[in-house]
Amino acid sequence: MASTDETAQVGHHASPLGTTPPGPPAGDAAEGRARMPRWLPRAMVLALTLIACFQLGSWAFHQLTGLLINILIAFFLALAIEPAVSWMASYGMRRGLATAIVFLAVLIVSAGFITLLGSMLANQIIDMVEDFPKYVDSVISWINTTFHTELSRVDIQDSLLRSDWLRKYVQNSATGVLDVSTQVLGGLFQLLTITLFAFYFAADGPRLRRALCSVLPPARQAEVLRAWEIAVNKTGGYLYSRGLMALISGIAHYILLESLDVNYAPVLAVWVGLVSQFIPTIGTYLAGALPMLIAFTVDPWYALWVLIFVVVYQQFENYVLQPKLTAKTVDIHPAVAFGSVIAGTALLGAVGALIAIPAVATLQAFLGAYVKRYDVTDDPRVHGRRERASGTLLVRMGRVLRGPREARPAEDAEPRDTA
């Protein structure tokens, strides 16, 4: 036992001079290995903060989507009236007054058109309601004659008035009046919002451009101003070219409707011109439906003539009139225009369909300045033609098949003497 204690004391005194110091206790080593890194809590807090900011930004974006769409519409509307406002401002008129005059003119024209169209529709509805018993009597007489029945208008009227579905329809219509009024008020507020933003964008256009360029370097300022100018030219050119085509279309349809003695020919002509030009893709069919319906009340054959004229005029407009009027304004391929309208409709609905074509034309013109172009080689395939080959595929295959026979010796080719 004494020797053991002495050995321990010797080892204890010799350990400071040794090369291997005594290790820490086992519990302390396990605690050091299980300790969390110092950067991990801060990383977790940062990750949670970023997730919270993303969720908050996503929620705010969805809440402000309607306002952002209104601002986008107002911006394109301001670009459309920018040439007229700048033209009046060049003669010394204040931009605010010039913008107010342009908006007032648009408001007067729109109100006059809506008033005329509403009066036309109201008169047509009144005439149809007054003549409805005659239509019903003619239909009932045709059914009785064709199917040998004994129907009467009084019995049908009583059965309709006592039916359950009519009572439910009236109740649903009464409850839906509040929803319709709410939608009308919301539409008026949206229109007012768009008008105010468009007025400020057009009246304070130079100030807005200066504020935007003040935070950019000089090289970027030139690019922004050039892009702004292109957007103004393309959007204004699109609007004015469409307005000119609407005028020509309205005059052509007015001549047709007046020659057929259709009622309200001027209003119908204005309807066809505006709807067919400013509602892409389906505007032509929507525009032609109303004149066809009014012409059908006069004579069914007149409706057929209107349909034929609408189809023929649409082809004339697509292949003759539109390429010449839009060659210097929104010169984009019809397939690109159609695709842009579909994409705009999928993204923003009817608003996207309206602003898709000027937006794509602006983007195309802006990118065209940064795309390097080369001279195209004079190849027939570029012009859609192919050079005539020395022979068709079948002829060349025949030559290949006849090749071994022609290569045989001459004596084999001569007929043998069988005598």
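Residues numbered from 1 in each chain as written. Predicted model: local features only at pLDDT ≥ 70, side-chain atom pairs only at ≥ 80, totals over all residues. Heavy atoms only, no water.

### A few points about the packing of helix α9 (residues 218-259) against helix α12 (residues 300-325)
- Between α9 and α12, the least distance of the axes is 11 Å, while the angle of their chain directions is 150°. Considering the angle they form, α9 stands roughly antiparallel to α12. Considering how the two elements wind past one another, α9 and α12 form a crossing that is right-handed. Counting all contacts with α9, which are made through Ser 241, Arg 242, Leu 244, Met 245, Ile 248, Ser 249, Ala 252, His 253, Leu 256 and Leu 257, the residues of α12 involved are Val 306, Phe 309, Val 310, Tyr 313, Glu 317, Leu 321, Gln 322 and Leu 325.
- Grouping the amino acids of the contact of α9 with α12 by side-chain chemistry returns twelve nonpolar, four polar and two charged. (Axes fitted to C-alpha atoms, helices over the stretch in contact; angles between N-to-C directions. Helix = DSSP H or I, 4+ residues; strand = E, 2+ residues; numbered from the N terminus. Parallel < 35°, antiparallel > 145°, perpendicular 65-115°, else oblique. Left-handed = near helix turned anticlockwise from the far one by under 90°. Contact = heavy atoms within 4.5 Å. Nonpolar A, V, L, I, M, F, W, Y, C, P; charged D, E, K, R; others polar.)

### Quick look at the packing of helix α11 (residues 283-298) against α12
- Where α11 meets α12, the axes come as close as 7 Å, and the angle between the chain directions of the two elements is 155°. With respect to each other, α11 and α12 are oriented roughly antiparallel. Helix-helix and strand crossings are classified by hand; for α11 and α12 the assignment is right-handed. Where α11 abuts α12, its residues Thr 284, Gly 288, Pro 291, Met 292, Ala 295, Phe 296 and Val 298 lie against Pro 300, Tyr 302, Ala 303, Val 306, Leu 307, Val 310 and Gln 314.

### Remarks on the nonpolar core
- Of all hydrophobic cores here, the largest spans 19 residues; its most connected members are Leu 117, Val 262, Leu 268, Trp 271, Leu 290 and Val 306.
- Listed by contribution, the elements that provide at least two residues to this core are α5 (95-147), α9, α10 (265-278), α11 and α12.
- Counting residues per element, this core draws most heavily on α10, which supplies six residues.
- If we ignore the near neighbours within four places in the chain, the residues touching Leu 290 are Leu 117, Met 120, Leu 121, Leu 268 and Trp 271.
- Grouped together as the second largest cluster of nonpolar side chains are 15 residues, Ile 73, Phe 76, Ala 98 and Val 102 included. (Core = buried A, V, L, I, M, F, W, Y, C linked by side-chain atoms within 4.5 Å. Buried < 20%, exposed > 50% of the residue type's maximum accessible area, 1.4 Å probe, protein only.)

### Brief notes about the confidence of the model for the protein
- Taken as a whole, the protein shows an average pLDDT of 76; of its residues, 75% reach a score of 70 or greater.
- The element-level mean pLDDT for the protein is lowest in helix α16 (residues 410-413), coming to 47, with helix α3 (residues 39-63) highest at 91.
- Scored below 50 in pLDDT, residues 1-15 shows zero contacts in the model against residues more than four places distant or in partner chains.
- Taken together, the stretch residues 406-414 has pLDDT below 50 and engages in zero contacts with residues farther than four places along the chain or on a different chain. (pLDDT = per-residue confidence, 0-100.)

### What to know about the pattern of salt bridges
- One pass over the full model with this rule turns up three salt bridges.
- Residues Arg 95 and Glu 82 are paired through a salt bridge, measuring 3.1 Å at the closest nitrogen-oxygen approach. Taken together, the residues Arg 95 in helix α5 and Glu 82 in helix α4 (residues 65-89) connect sequence positions 13 residues apart. Taken as a pair, Arg 95 and Glu 82 share a single burial class, namely buried.
- For Glu 82, the salt bridge is made with Arg 209, and the minimal N-O distance between the two is 4.0 Å. With Glu 82 in helix α4 and Arg 209 in helix α8 (residues 205-213), the pair connects residues that are 127 residues apart, well separated along the chain.
- Several salt bridges share partner residues, and in doing so they unite Glu 82, Arg 95 and Arg 209 into one network. (Salt bridge = Lys/Arg side-chain N within 4 Å of Asp/Glu carboxyl O.)

### Thoughts on the packing of aromatic side chains
- In the structure shown here, the tally under the stated rule is ten aromatic pairs.
- With 6.1 Å between their ring centres and 85° between their planes, Phe 75 and Phe 76 make a pair best called edge-to-face.
- Look at Phe 76 and you get buried, because its relative accessible area is 14%.
- Between Trp 87 and Tyr 91, the ring centres sit 5.3 Å apart and the planes meet at 70°, which makes this aromatic pair edge-to-face.
- For Trp 87, a relative accessible area of 55% corresponds to the exposed category. (Phe/Tyr/Trp six-rings, centres within 6.5 Å; stacked < 30°, edge-to-face > 60°.)

### Some remarks on a nonpolar patch on the surface
- A surface patch of nonpolar side chains, about 710 Å² in accessible area, is lined by Trp 301, Leu 304, Trp 305, Leu 307, Ile 308, Val 311 and Val 312.
- Position of Leu 304 among the secondary structure elements: in helix α12. (Patch = residues over 30% accessible without salt bridge, like charges linked within 9 Å, V, L, I, M, F, W, Y side chains within 5 Å. Areas by Shrake-Rupley, 256 points an atom, 1.4 Å probe, with all protein chains shown as cover.)

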